[in-house]
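Inside the fold
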Amino acid sequence: MNIIDELTWRGAINQQTDAEGLKKLVEEKKIALYCGVDPTGDSMHIGHLIPFMMMRRFQLAGHHPYFLIGGGTGTIGDPSGRKTERQLQTMEKVQHNVEKLTAQLKKLFGEDSDITMVNNYDWLSKISLLDFLRDYGKYFGVNTMLAKDIVASRLEQGISFTEFSYQILQSIDFKHLHDTYGIQLQIGGADQWGNITSGVDLIHRLEGSEEEVYGLTIPLMLKADGTKFGKTAGGAVWLDAEKTTPYEFYQFWLNQDDRDVVRYLKFFTFLSQEEIAELAKCVETAPEKREAQQKLAAEVTEFVHGKAALQAAINISKALFSGNIADLTHDEIKQAFGKMPAKNMHTVDGDIVEWLVEAEIYDSKRQAREAINNGALSINGKKVTDLAEKVTVHPNSNGEFVVVRKGKKNYILVHISK
């Protein structure tokens, strides 16, 4: 199947500058294409996966992806999707973020895979103000720039010349990459359409309208209830395992709505049409089994975090569901309970009732005794029913944790100071 046909089936195409021309081009030859990400933070989130999956599909079809880290554009800020001016970052902070995002991309796509990473600071920083105005500024009409959605949406609140000029810098990127690496296609989110078309226009003005360069955007991802994809009560879902653990990441995908899961399988996995059709049938005939969600969670978690992290996420999920947490490893305990209520203690010695009160698990000794007598307390996965029981650290926690469960689902992680 032609890559464009596959992307169309997956619902992954929003707008194209020349749909017929691009489809013909990729049928005739293998092309170079690029997608950019600005280092506005030290981690990407799952919204970034949307264009990345697109790039990966082109890669699997034999084309060569380039990832542009915006070390230059990241210093001024893209107005796209924002109502106010972005807070400018120091050059040191931008460079730190560049290094972190580069490492994330290498992890996602592999050190030795057929991709190339570039940083637009390498060429944008060499352009003088006069060169910028003479060589590029004269090709951009102010009226045209004002009409772009990314700028027009900001006119009422106001926009600085700094952010207004962003689309020129992104256009220079496309021109530079086209000249240097023969890149013919830029991919981006739906909010990047104005920036992408500006780059196509610049190349056509400088090299002629027959020059084969194209732009393609990906649809804005909304959930079935109309809310924005990728947001949770706790905020963004990050690709950095320190910010969003693989277990939390896995659970995010596992908890997707039946109305969304088939669309996400098309978009975020590399499963075939036949495999997805089978899972779609499962959603219709046995939704309570959540087979589609389990497959989605497994596929995306393995892509982002690897097989070992996926297995750990599955282990934690099973342990928490069953209450049998005794076999969890040290790292799995941290993932499972690290963001749940936590307490600090210096020891596990002494009377269990007094220890539970001192650790603020219960407000009074009477409550602690009642919980033990009623079988409503578990420590490290083992139900406690004897008031003479001794508190112990979790056997796999290197002496660091005691995992307490009150009732069926109320877990508290107690840190034992060494």
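Scope of this entry: the structure provided in the associated data block. (Residues numbered from 1 in each chain as written. Predicted model: local features only at pLDDT ≥ 70, side-chain atom pairs only at ≥ 80, totals over all residues. Heavy atoms only, no water.)

When its volume is computed, the second largest pocket comes out at roughly 490 Å³. Looking at the lining of the second largest pocket, the elements with two or more residues in it are α12 (246–254) and α16 (307–322). Sorting elements by how many residues they give to the lining of the second largest pocket places α16 first, with five residues. A per-class count over the lining of the second largest pocket returns eight nonpolar, four polar and six charged. (1 Å grid on protein atoms, 1.4 Å probe; cavity = no way out; pocket = protein on both sides within 12 Å on 5 of 7 lines; lining within 4 Å. Points joined across faces, edges and corners; volume = space filled by probe spheres on them. Helix = DSSP H or I, 4+ residues; strand = E, 2+ residues; numbered from the N terminus. Nonpolar A, V, L, I, M, F, W, Y, C, P; charged D, E, K, R; others polar.)

This part covers the sheet that holds strand β5 (residues 183–189). The pairing of strands in a sheet happens through backbone hydrogen bonds and is either parallel or antiparallel. Strand order in the open sheet formed by six strands is β1-β6-β5-β2-β3-β4, and the pairing between neighbours is mixed. Sheet topology places β1 (15–16) and β4 (116–119) at the edges, where each strand pairs with a single neighbour. Alignment of strand β2 (residues 32–37) against strand β3 (residues 64–69), held across six bridges, turns out to be parallel. What sits directly across from alanine 32, in β3, is histidine 64. Packing against the sheet, helix α3 (residues 46–60) makes contact with β2, β3, β5 and β6 (214–218), and its axis sits at approximately 165° to β2. Packed on one face of the sheet, helix α11 (residues 193–207) meets β1, β5 and β6 and runs near 170° to β6. (Pairing = 2+ DSSP bridges. Contact = heavy atoms within 4.5 Å. Axes fitted to C-alpha atoms, helices over the stretch in contact; angles between N-to-C directions.)

Let us now look at the pattern of salt bridges. All told, the structure shown has 14 salt bridges when counted by the stated rule. Here glutamate 389 ties to lysine 382 by a salt bridge, and the two come within 3.6 Å at their closest N and O atoms. Owing to a relative accessible area of 51%, lysine 382 belongs among the exposed residues under this scheme. Connected via shared salt-bridge partners are Lys175, Asp179 and Glu207. (Salt bridge = Lys/Arg side-chain N within 4 Å of Asp/Glu carboxyl O. Buried < 20%, exposed > 50% of the residue type's maximum accessible area, 1.4 Å probe, protein only.)

Turning next to the packing of aromatic side chains. Throughout the structure, instances matching the rule amount to 14 aromatic pairs. With a centroid separation of 5.9 Å and an interplanar angle of 75°, the aromatic rings of tyrosine 264 and phenylalanine 268 are classed as edge-to-face. On the criterion of helical spacing, the pair formed by tyrosine 264 and phenylalanine 268 is a turn pair, its members being four residues apart in helix α13 (residues 258–268). When its relative accessible area of 0% is taken as the criterion, tyrosine 264 is described as buried. The ring of tryptophan 238 has lysine 243 lying over it, and the distance from NZ or CZ to the ring centre is 5.5 Å. The side chain of lysine 406 reaches across the aromatic face of tyrosine 362, ending 4.9 Å from its centre. (Phe/Tyr/Trp six-rings, centres within 6.5 Å; stacked < 30°, edge-to-face > 60°. Lys NZ or Arg CZ within 6 Å of the ring centre and 35° of its normal.)

Going through the model one piece at a time under the given rule, you end up with three cavities of 30 Å³ or more. Taken together, Tyr139, Phe140, Gly141, Thr144, Met145, Lys148, Gln167, Ser198, Asp201 and Arg205 make up the lining of the largest cavity. The class makeup of the residues in the lining of the largest cavity is three nonpolar, four polar and three charged. In this structure, the second largest cavity encloses a volume near 40 Å³.

Those residues of helix α19 (residues 365–373) lying buried are Ala368, Ala371 and Ile372. An end-on view of α19 places all buried positions within 95° of arc, on one side of the element. Tucked inside the fold, the buried residues of α19 contact α18 (352–358) and β10 (377–379). Downstream of α19 by a residue or two, glycine 375 has a phi angle that is positive, lying close to 70°. (Arc of directions from axis to C-beta.)

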